[in-house]
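# Breakdown of the fold
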Amino acid sequence: MIPLGKLFRTTVFKLSLVYLVIFALGASAVIGWVAWSVRHLVDQQIGVAIKAEINGLSEQYAQGGISRLVFIVDRRTRQPNASLYLVTNFQGLAITGNVAALPPNVLDKPGVRETLYQRHGEATMHRMAMARIFVLPGGFRLLVGRDLGDRETLYQVMGRALLTSLFWLIVIGMLGGLFVARRVLQRVDAMNDSARTIMLGNLEGRLPINGSNDELDRLAQNLNAMIARINDLMVGMRDVSDNIAHDLRSPLTRMRNRLNAAVDGDSASKEEALRATIDDTEKMLATFNALLSIARIQSGEGAGAMAPIDIVAIA
């Protein structure tokens with residue numbers, strides 16, 4: 001069982017966390033943009049509906065005056081799920097409508113705005129509405145609005161959906177990162193075990209390959225080729241050492257016997273022994289140079305100094 005602390009320290013897990021953060025930021029931006037777009041669309045639809053109602057009620061006022069407007073507004077306020085309506089005189093006193101209270105000076109500024117309001121029967125002013133204030137001829141003011149509770153509920157739902165999505169994204173990303181890190185770490189540990197065996201002197205060992213041909217497989221293949229090349233060079237070096245020892249045993253033995261014999265001989269025999277020893281030394285040096293050249297050629301070092309030759313001419 002791989003310890004969690006070891007998994008958390010792996011590069012794969014850290015990269016998974018980076019990708020997770022980037023994806024979470026991207027998802028948050030997308031969901032936030034969608035939520036803003038939905039809110040903007042809802043505001044547009046509410047504004048269009050309010051404007052249409054304002055235009056219709058203004059026409060009713062133009063046709064029948066304030067009494068007709070009050071009658072129509074009173075009838076609309078009695079309908080289920082009615083919009084917000086308020087008709088006031090030039091002094092700001094309510095004539096009819098289902099709005100009990102507004103913040104100060106709201107009716108003094110014509111146009112569309114979001115404002116707090118209080119319905120009849122409610123104790124506090126805690127609701128939000130989008131309202132349009134329209135000044136009628138004669139100083140009367142008409143307010144038509146829509147409650148924004150549904151919009152805020154939709155916004156809260158999307159916010160909770162964003163938080164829930166991010167939570168599960170983090171959980172799934174963490175579990176996925178741990179799973180991937182565990183799989184990769186198992187392969188890396190197997191490669192490390194094989195590498196330790198090879199470092200102990202077993203150059204016949206090789207790093208494991210699972211056949212997926214991924215980056216770890218390609219790395220293992222290249223390292224195995226390098227180990228095989230090192231093994232070949234070591235074998236060649238051992239062969240060169242054996243050849244040197246074999247080729248030098250006889251000349252060194254002759255040189256020793258010749259020098260031992262010359263110790264008790266006359267000057268002529270000593271001079272002859274020295275000359276023969278020098279000849280053997282030259283032969284040994286030539287043998288050394290030949291073996292070293294063969295070793296360089298086998299290792300590929302001497303390939304750059306080679307040149308093509310005409311074998312036919314030599315023949």
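Since we're looking at a predicted model, the values are computed, not measured.

### Regarding the overall build of the protein
In terms of regular secondary structure, the protein is built from six helices and six strands. Reading the helices (α) and strands (β) of the protein from amino to carboxyl end gives α-α-β-β-β-β-β-β-α-α-α-α. Here the protein has a C-alpha radius of gyration of 49 Å; the compact-globule value for 315 residues is 20 Å, and the former is much larger. Oriented by its inertia axes, the alpha-carbon framework of the protein measures out at about 155 × 55 × 35 Å. The burial tally for the protein puts 27% of its 315 residues in the buried class. Long-range pairs, those at least 24 residues apart, make up 50% of the contacts in the protein with a sequence separation of at least 6. Accessible surface, the protein as shown: approximately 20,700 Å² in total, 62% of it carbon and sulfur.

### Describing helix 2 (residues 11-77)
Compared with an ideal rise of 1.5 Å per residue, which puts 67 residues at 99 Å, helix 2 spans 66 Å between its outermost C-alpha atoms and falls more than 12% short. The largest bend in helix 2 comes to about 130 degrees, at G64.

### Comments concerning the packing of helix 2 against helix 3 (residues 149-199)
Two elements in contact, helix 2 and helix 3, have axes separated by 9 Å at closest approach and are oriented at 165 degrees. In terms of orientation, helix 2 lies roughly antiparallel with respect to helix 3. For the element pair helix 2 and helix 3, the recorded crossing hand is right-handed. The class makeup of the residues in the contact of helix 2 with helix 3 is 23 nonpolar, four polar and four charged.

### Details of the environment of G64
Following the sequence through the fold, G64 ends up in helix 2. G64 sits in the partly exposed class, given a relative accessible area of 32%. Sequence separation between G64 and R275 is 211 residues, and the spatial gap between their C-alpha atoms is 145 Å.

### What about the pattern of salt bridges?
All told, the structure shown has 10 salt bridges when counted by the stated rule. Among the salt bridges present, the one from D43 reaches R151, with a minimum N-O distance of 2.7 Å. Separated by 108 residues along the polypeptide, D43 in helix 2 and R151 in helix 3 bring together distant segments of the chain. Residues D43 and R151 agree in their burial class; the two are buried.

### A look at helix 4 (residues 215-263)
With 49 residues, helix 4 ought to run about 72 Å at 1.5 Å a step, and its terminal C-alpha atoms sit 70 Å apart, in line with that. Along helix 4, the sharpest kink reaches roughly 35 degrees, centred on R249 and followed within four residues by the proline P251.

### Focus on the layout of surface pockets
By volume, the largest pocket amounts to about 280 Å³. Forming the walls of the largest pocket are 13 residues, and the residues nearest its centre are R146, D147, L148, G149 and D150. Here the lining of the largest pocket takes four residues from helix 3, the largest share from any one element. Residue composition of the lining of the largest pocket, grouped by class: five nonpolar, three polar and five charged.

Cut-offs applied
- Residues numbered from 1 in each chain as written.
- Predicted model: local features only at pLDDT ≥ 70, side-chain atom pairs only at ≥ 80, totals over all residues.
- Heavy atoms only, no water.
- Helix = DSSP H or I, 4+ residues; strand = E, 2+ residues; numbered from the N terminus.
- Rg over C-alpha atoms; globule rule 2.2 N^0.38 Å.
- Buried < 20%, exposed > 50% of the residue type's maximum accessible area, 1.4 Å probe, protein only.
- Contact = heavy atoms within 4.5 Å.
- Areas by Shrake-Rupley, 256 points an atom, 1.4 Å probe, with all protein chains shown as cover.
- Expected span 1.5 Å × (residues − 1).
- Bend = angle between axes of the 7 residues up to and from the residue.
- Axes fitted to C-alpha atoms, helices over the stretch in contact; angles between N-to-C directions.
- Parallel < 35°, antiparallel > 145°, perpendicular 65-115°, else oblique.
- Left-handed = near helix turned anticlockwise from the far one by under 90°.
- Nonpolar A, V, L, I, M, F, W, Y, C, P; charged D, E, K, R; others polar.
- Salt bridge = Lys/Arg side-chain N within 4 Å of Asp/Glu carboxyl O.
- 1 Å grid on protein atoms, 1.4 Å probe; cavity = no way out; pocket = protein on both sides within 12 Å on 5 of 7 lines; lining within 4 Å.
- Points joined across faces, edges and corners; volume = space filled by probe spheres on them.

That is the geometry; function is a separate question.
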